[in-house]
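One-letter residues, chain by chain:
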Amino acid sequence: MFQVNFVDVQAENAIFDGEGWDAVVVVTPDLVSIGIDEISLLAEHGAKVDKRVGKSPTLLFAPGLAGGRLIIAPVTQVADDYADVRIYGDAARAAIAIAKDAGAKRPLLYVVPSATPKFGFASEVAALACGQELWQTLELREATGLTPAFEAIGLLSLTSKKSQLLNALEAGRVLARDLCGTEPERMSAKAFAEYCLQAFKGSVIKTAVVEDRDILERDYPLLSAVARSSFAVGRHQPRVVKLEYLPEGEITRTFLFAGKGVVYDTGGADLKVGGAMAGMSRDKGGASAVAGLFKTLSMLKPKGIRVIAELGLVRNSIGSEAFVTDEIITSHAGVRVRIGNTDAEGRLVLADLLSHLRIKAVSAVQPELFSVATLTGHVVRCYGSYPAAVENAVASGAKCAQTLALQASQWGEPFEVSTLRREDFAKIREVSGAADILSSNNAPSSVTARGHQYPAAFLLKASGLFEHGVNAAIPLAYTHLDIAGSATEGDPLYGKPTASPLVGLYQYLINR
Ligand SMILES: [Zn+2]
């Protein structure tokens, strides 16, 4: 597997040459608080000859230290009220890139601990940022046989071992990035499903794949409408992947995830035009992050929690069989949906998945449901690179989104919490009376008021979850996560997948 291998290092003398490492990378807010005399002296001496030392990431000639290399990565803005733990990640990324370019194979990473509570997971965030920096695309790896830049990254910490957790999180993130970032033929719905099965082979994760057209059309009618014109091409046909993690011992909570995996989105009959289609192989970031989360679960096997997922893998193609606007399709939950726009396909895929999860949730221990999706341009317009959590009233009462936002931000994946309002339900009203609800309006979501909130109203209604509100016999907590702005970073079309919000979700699951 193409992955960073983190190794715990608990002896300070590992910084010296001959101890198995070939570069020392220090992530620190300043040169005086490093706390290891040999490094402080070298850094302070270096700062006398090069004013950049301590201000920007620099490599110092360091005789006696591992590999003769000392890379000082300053963490800037630690006193800034609006800075968060990601400043440690930014510093570590810049430094590890220098270590790689310098030819190191076994860098030793030391993150100077901070007493500031919001930087409590600075060393973990820094290590994960190195993983993000070092990941390379699946296409490149398969074309060239590329192997990881480093044999290992040592994590110098005298107080705690972190490698098991970080390797499991990073394994999940590698899987999520591979699934999300790969082009639409290599990572078709079929290939996505096979990649998942391979990833979970021999693990504790139970897997199942639905691929029969009759079963898909019966059990996932909205998803199958989106997939309708893809059935004509064998290699483009849809899949539903089901995953389940069962812990050893008692179950105290159940988490159920629906993941949007639109492996390519042409927009369908409402075709994306004027160059708006490029990059649409990344419309599968939700399903990818959820699959990655299960990889992490499979390695760490946390007690007490049961986790279930359904991933909807569909190519939204255009062709003579394509579904069109005005059609009325009955969802798995029995709700008659008027199609408002075929490019609003993600919510159709998710609604049927959520309906299946709803049935499982009714008899589950302490269930919480989630959908994870690159759903709208509106969330990007609204929050930039931050994902949004939109919860139903039951989840709001249980502080689901608030807790998730807190956990995730401590781990460098901050969330925005949006509120579902009555106007959001007004937006899905079907005026003719022929159908129960309308799936979408026809303006781009980015110019639609409440464009990322109101799809949650649709998802509640079309999945049947609306019937499990606060006053129902069985209330069900449900939170929709729109990750359109956070699933990738950098280039808007072909930027690196981030696997967001995998790390935040894992922390939420184990700390809930
Ligand atoms: Zn679309």
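Quick look at the structure, then. Keep in mind the model is a prediction, meaning the values are calculated, not measured. (Residues numbered from 1 in each chain as written. Predicted model: local features only at pLDDT ≥ 70, side-chain atom pairs only at ≥ 80, totals over all residues. Heavy atoms only, no water.)

Section: helix α1 (residues 37-49)
Phase 1: Given a rise of 1.5 Å per residue, 13 residues ought to cover 18 Å, and the 19 Å separating the end C-alpha atoms of α1 matches this to within 8%.
Phase 2: All of the buried residues in α1 are I39, S40, A43, G46 and A47. The arc that holds every buried residue of α1, seen down its axis, measures 130 degrees, which confines them to one face. Projecting away from the buried face of α1 at angles above 90 degrees are the exposed residues D37, L41, H45, K48 and V49.
Phase 3: Contacts made by the buried residues of α1 are with β2 (23-28), β3 (58-61) and β4 (69-74). (Helix = DSSP H or I, 4+ residues; strand = E, 2+ residues; numbered from the N terminus. Expected span 1.5 Å × (residues − 1). Buried < 20%, exposed > 50% of the residue type's maximum accessible area, 1.4 Å probe, protein only. Arc of directions from axis to C-beta. Contact = heavy atoms within 4.5 Å.)

Re the coordination of the zinc ion
Phase 1: The protein atoms donating to the zinc ion are D265 (OD), D343 (O), D343 (OD) and E345 (OE), with metal-donor distances spanning 2.0 to 2.2 Å.
Phase 2: Sequence positions of the donors to the zinc ion reduce to the motif D-x77-D-x1-E.
Phase 3: For D343, a relative accessible area of 26% translates into the label partly exposed.
Phase 4: Given the relative accessible area of 1%, E345 is considered buried. (Donors = N, O, S within 2.8 Å, 3.2 Å for Na, K, Ca; no water.)

Thoughts on the nonpolar core
Phase 1: I153, F257, F294 and L311 are the most contacted members of the largest nonpolar core, which totals 86 residues.
Phase 2: Split by domain, the residues of this core number at least three in each of domain 1 (6-161) and domain 2 (169-511).
Phase 3: Here F257 is in contact with V290, L293, V307, I308, A309, E310, L357, F370, V372, L505 and L509, once residues within four sequence places are set aside.
Phase 4: Counting 44 residues, the second largest nonpolar core, distinct from the first, contains L216, A258, I339 and A361. (Core = buried A, V, L, I, M, F, W, Y, C linked by side-chain atoms within 4.5 Å. Domains from an automatic or database assignment.)

Overview of unusual backbone geometry
Phase 1: The residue after S500, namely P501, is reached through a cis peptide bond having omega 5 degrees.
Phase 2: Here P501 shows up in the loop between β19 (496-497) and α16 (502-511).
Phase 3: The residue K301 is not glycine, and still its phi comes out positive at about 45 degrees.
Phase 4: Mapped onto the fold, K301 is located in the loop between α9 (285-300) and β10 (305-316).
Phase 5: Residue class for K301 comes out partly exposed when judged on its relative accessible area of 43%.
Phase 6: Unlike most non-glycine residues, Q366 shows phi in positive territory, near 45 degrees.
Phase 7: Counting through the fold element by element, Q366 comes out in the loop between α10 (346-362) and β13 (367-373).

What about the pattern of salt bridges?
Phase 1: Tallying each qualifying case throughout the model produces 29 salt bridges.
Phase 2: Note that R213 and E217 form a salt bridge whose closest N and O atoms lie 2.9 Å from each other. Residue R213 and its partner E217 are located together in helix α7 (residues 213-219), separated by four residues, close to a single helical turn.
Phase 3: Residue class for E217 comes out partly exposed when judged on its relative accessible area of 33%. (Salt bridge = Lys/Arg side-chain N within 4 Å of Asp/Glu carboxyl O.)

Some details on the packing of helix α5 (residues 163-181) against α16
Phase 1: Relative orientation of the contacting elements α5 and α16 amounts to 130 degrees, with a least axis distance of 10 Å. One way to sum up the angle between α5 and α16 is to call them oblique. Seen along the crossing, α5 lies across α16 with a hand that is right-handed. Contact residues: L165, L169, G172, R173 and A176 in α5; L502, V503 and Y506 in α16.
Phase 2: Split by residue class, the contact of α5 with α16 holds six nonpolar, one polar and one charged. (Axes fitted to C-alpha atoms, helices over the stretch in contact; angles between N-to-C directions. Parallel < 35°, antiparallel > 145°, perpendicular 65-115°, else oblique. Left-handed = near helix turned anticlockwise from the far one by under 90°. Nonpolar A, V, L, I, M, F, W, Y, C, P; charged D, E, K, R; others polar.)

A short note on the side chain of T28
Phase 1: Position of T28 relative to the elements: it lies in strand β2.
Phase 2: With a relative accessible area of 1%, T28 lands in the buried category.
Phase 3: Among the polar contacts made by the side chain of T28, one reaches the main-chain carbonyl oxygen of D30 at a distance of 2.7 Å.
Phase 4: Excluding its chain neighbours within four sequence positions, the residues that come into contact with T28 are S33, I34, I72, A73, P74, V75 and V112. (Polar contact = N/O pair within 3.5 Å; in protein donor to acceptor, adjacent residues only side chain to side chain.)

Quick look at the layout of surface pockets
Phase 1: Taken as a whole, the largest pocket spans an internal volume of roughly 1000 Å³.
Phase 2: Lining the largest pocket are 41 residues, with K272, M280, L375, T376 and G377 positioned closest to its centre.
Phase 3: Those elements giving two or more residues to the lining of the largest pocket turn out to be β9 (253-265), α10 and α11 (377-383).
Phase 4: In terms of residue count, α11 provides more of the lining of the largest pocket than any other element does, three residues in total.
Phase 5: When its residues are assigned to classes, the lining of the largest pocket shows 13 nonpolar, 18 polar and 10 charged.
Phase 6: Put simply, the second largest pocket is a space of about 530 Å³.
Phase 7: Considering the residues around the second largest pocket, the lining is formed by 23 residues, among which R86, G412, E413, E489 and T498 are closest to the centre.
Phase 8: Those elements giving two or more residues to the lining of the second largest pocket turn out to be α2 (86-101), α3 (122-134) and β18 (488-489).
Phase 9: For the lining of the second largest pocket, the per-class residue count stands at eight nonpolar, nine polar and six charged.
Phase 10: Counting residues domain by domain, the lining of the second largest pocket receives three or more from each of domain 1 (6-161) and domain 2 (169-511). (1 Å grid on protein atoms, 1.4 Å probe; cavity = no way out; pocket = protein on both sides within 12 Å on 5 of 7 lines; lining within 4 Å. Points joined across faces, edges and corners; volume = space filled by probe spheres on them.)

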